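The chain contents come next:
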Amino acid sequence: MKIAVMQFPGTNCEHETLVAVKAVGMDGEIFRWNRSAGELSSFDGYFIPGGFSYQDRVRAGAIASKEPVMQALKEEATKGKPIIGICNGFQILVEAGLLPGTGKIDMALAQNVMVSNGKIVRRGYYCDWVNLRHETPPRRCSGSFIMERGSLFKIPIAHGEGNLVTSTPKLMEMLNDEEQVVFRYCDKNGRIKTEFPVNVNGSTESIAGICSPEGNVLGMMPHPERAFFAWQLPAFDPRKQRPDEPGPGRRVFESVKRYIEVNA
Amino acid sequence: MSQKINLRVWLKIPDAEAATVKNTLVRRMGFGDVLYDVKKERLFSIEVDSGDPQELAKGFARELVNENKESYKVLIDELRFEEGYVPVWVALKIEDGEAISTQERLRGRLGFTSVVNVKRATIWKLYLSGMDRVAKAREIAEGLLINPHKDTYEILDSKP
């Protein structure tokens, strides 16, 4: 089971993503954007990690989405292979038309706008630990394959452009009806709130992650690889003192492994 | 009566973002036979309700332009561009937090109380050859320069 961890100029989470891939028992390697795109077909799954590909020039993910490796990934996606875009990886998948999955650019991850009590209280880059609620049934999406609907986990975000907006008529309805909304920002009790600080970036319907109609492509703004081990957790989390325990982000990587096993 | 001060700002040093856009358009998107250069400007359109616009413009430039690396041009109540390229105006159609912050900073901390509105845009200067330059510029804008769910664009002018 071999995973390609994509690396574009400006990607900065590829090494910890690869550590997480290997820690759940998958093989993997970093795949540079300028390698022959044809080599991608020999992999069983793909992670597009976070960072600032091409320095976010024009807008986040726009330049990387035009690279030949992304066309190759589109072809691999049609074979049902898992593709997980984290943060900037999510932005690249949206700009490439792989998410929401119609082949067109149907949405944008726009600049963060934090609203509280109806007023804008903050804009732009923000990093924090957030609570996520898993919204789909198990096995719906490759990156949350082993998660129960309604399960909660706390992982970090760090981005300036994670505010999901769309002018495509009925896209939100489709995402909800087809169970393509995988993660929503919530409070520690799992309640969805539309305002900051629960909704950390102003994203429509507090969406933190979506998948393709087939479920194999997942994009999420939070970083599971930064909460893979318990020792990565913040000081206020008691699990930090139990470093042998897995962190909450591990389930994303375990999900991908299980998805590949089931679909092999 | 209000007046609009347009401040066109561009880098004197090489613009890496414009170079990346050109590279992507030529190497990845098939515009190599018609596109021979790309340049970029920032545009601030600042509406004021009183004061000498030329003097105000100098004050705005002191705050918004770093003359160590940037040059600028002021246009009052008009927006003209040079010949030889197709200017594509790109702006956010959702709320532009940076424009709001700029307006608040000019009015509040910096004391330009005559400022009533600030809009911000990017001008992409596409140096295109051939007869269908506007059509090509539209194709480039929609293919790379904007995401239609958050941005809007306009081809401002096209002189031969």
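In case you missed it, the structure is sitting above this.
Residues numbered from 1 in each chain as written. Chains lettered and ligands numbered in written order. Predicted model: local features only at pLDDT ≥ 70, side-chain atom pairs only at ≥ 80, totals over all residues. Heavy atoms only, no water.

## Quick word on the side chain of E225 of chain A
Residue and element names in this part refer to chain A. Rules: Numbering of helices and strands runs from the N terminus; a helix is a DSSP stretch of H or I covering at least four residues, while a strand is a stretch of E covering at least two. Only protein chains enter the area calculation, which uses a 1.4 Å probe; residues under 20% of their type maximum are buried, those over 50% are exposed, and those in between are partly exposed. What qualifies as a polar contact is a pair of N or O atoms within 3.5 Å, subject to a donor-acceptor requirement within protein and to the restriction that residues adjacent in sequence count only when both atoms come from side chains. The contact rule is simple, with two residues in contact once any of their heavy atoms fall within 4.5 Å.
Along the chain, E225 falls in the loop between β13 (217-220) and α5 (250-263). Residue class for E225 comes out buried when judged on its relative accessible area of 1%. In this structure the side chain of E225 is engaged in a polar contact, spanning 2.7 Å, whose partner is the side chain of H223. Not counting chain neighbours up to four residues away, the residues in contact with E225 comprise C13, E16, T17, I86, Q232 and F253.

## Focus: the packing of aromatic side chains
Residue and element names in this part refer to chain A. The test is simple: We call Phe, Tyr and Trp rings a pair once their centres come within 6.5 Å, taking the six-membered ring for Trp, and we label the pair stacked below 30 degrees between planes, edge-to-face above 60, and tilted otherwise.
Overall, the coordinates contain twelve aromatic pairs over all chains when judged by the stated rule. With a centroid separation of 4.9 Å and an interplanar angle of 15°, the aromatic rings of F47 and F253 are classed as stacked. One end of the pair, F47, is in strand β3 (residues 45-48); the other, F253, is in helix α5, with 206 residues separating them in the sequence. Judged by centre distance (5.4 Å) and plane angle (85°), the rings of F145 and Y259 are edge-to-face. In this pair, F145 sits in the loop between β8 (126-134) and β9 (152-159) while Y259 sits in helix α5, placing the two residues 114 residues apart along the sequence.

## A short note on the nonpolar core
The test is simple: Definition of nonpolar core: a set of buried residues of the types Ala, Val, Leu, Ile, Met, Phe, Trp, Tyr and Cys, connected through side-chain atoms within 4.5 Å.
Grouped together as the largest cluster of nonpolar side chains are 100 residues, with contacts concentrated most on F8 of chain A together with V88 and W124 of chain B. The next biggest cluster of nonpolar side chains, apart from the first, holds 16 residues, and it includes I5, I46, A57 and F60 of chain B.

## Structural notes on empty space enclosed by the protein
All names here are of chain A. Rules: Here a cavity is any set of points on a 1 Å grid over the protein atoms alone where a 1.4 Å probe fits but cannot get out, and a pocket is any open set with protein on both sides within 12 Å along at least 5 of 7 lines; a residue lines the site when it has an atom within 4 Å of a point. Grid points are joined across faces, edges and corners, and a volume is the space filled by probe spheres set on the points.
The final tally for this structure, using the stated rule, is one cavity of 30 Å³ or more. By volume, the largest cavity is sized at about 30 Å³. Considering the residues around the largest cavity, the lining is formed by A60, Q91, V94, E95, A108, L109 and E161. Mapped by element, the contributors of at least two residues to the lining of the largest cavity are α3 (88-95) and β5 (108-110). Among the elements that line the lining of the largest cavity, the one with the most residues is α3, at three residues.

## Section: the environment of T78 of chain A
All names here are of chain A. Counting through the fold element by element, T78 comes out in helix α2 (residues 68-78). Note on T78: relative accessible area 68%, which makes it exposed. Sequence separation between T78 and V217 is 139 residues, and the spatial gap between their C-alpha atoms is 9.8 Å. Of note is the side chain of T78, whose polar atom sits 2.5 Å from the backbone oxygen of E75.

## Concerning the interface of chain B and chain A
The accessible area lost on association of the parts is a frequent measure of interface size. What counts, and what does not: Reported buried area values correspond to the accessible surface (1.4 Å probe) lost by two parts on association, with both partners' losses combined. In what follows, salt bridge is the name for a side-chain nitrogen of Lys or Arg lying within 4 Å of a carboxyl oxygen of Asp or Glu. The residue classification treats Ala, Val, Leu, Ile, Met, Phe, Trp, Tyr, Cys and Pro as nonpolar and Asp, Glu, Lys and Arg as charged. All others, Gly included, are polar.
Between chain B and chain A, the contact holds 24 residues from the first and 24 residues from the second. Buried surface at the junction of chain B and chain A, both sides included, amounts to about 1900 Å², of which 56% is carbon and sulfur. The largest per-residue losses of area from chain B upon contact with chain A belong to R28, H149 and K150 of chain B, which jointly make up 32% of the total buried on that side. Put simply, chain B and chain A have two salt bridges between them. The partner of R28 of chain B in a salt bridge is E67 of chain A, with the nearest N and O atoms 2.8 Å apart. The interface formed by chain B and chain A includes 13 residue pairs in polar contact (both at pLDDT 80 or more). Elements that contribute at least two residues to the side of chain B that touches chain A include exactly α1 (16-27), α3 (97-107) and α4 (133-145) of chain B. For the side of chain B that touches chain A, the leading source of residues is α1 of chain B, giving five residues. A breakdown of the residues in the side of chain B that touches chain A according to their chemical character gives eleven nonpolar, seven polar and six charged.

## Description of the pattern of salt bridges
Residues and elements named next belong to chain A. Following the criterion strictly, the structure yields 32 salt bridges over all chains and no others. Its salt-bridge partner being E135, residue R184 comes within 2.7 Å of it at the nearest N-O pair. A residue pair is termed long-range when its members are at least 10 positions apart, and R184 in strand β11 (residues 181-186) and E135 in the loop between β8 and β9 qualify at 49 residues. The exposure class assigned to R184 is buried, which follows from its relative accessible area of 11%. Classification of E135 by relative accessible area gives buried; the value is 13%.

## Focus on the sheet that holds β3 of chain A
Residues and elements named next belong to chain A. Put simply, the rule reads: If DSSP finds at least two bridges between two strands, the strands pair. To get an axis, a line is fitted to the C-alpha atoms, and for a helix only the part in contact is used. The angle between two axes follows their N-to-C directions and goes from 0 to 180 degrees.
Pairing in this open sheet of nine strands is mixed, and the strands run β2-β1-β3-β4-β13-β12-β11-β8-β9 from one edge to the other. Each edge of the open sheet is held by one strand with a lone partner, namely β2 (27-32) and β9. Taking the axes of each pair of neighbouring strands and ignoring which way they run, one obtains an average angle of 25° across the sheet. The pairing of strand β1 (residues 2-7) with β2 spans six bridges and is parallel. Pairing of Q7 across the sheet is with R32, part of β2. α3 rests against β3, β4 (83-86), β12 (207-211) and β13 of the sheet, and its axis sits at about 120° to β4.

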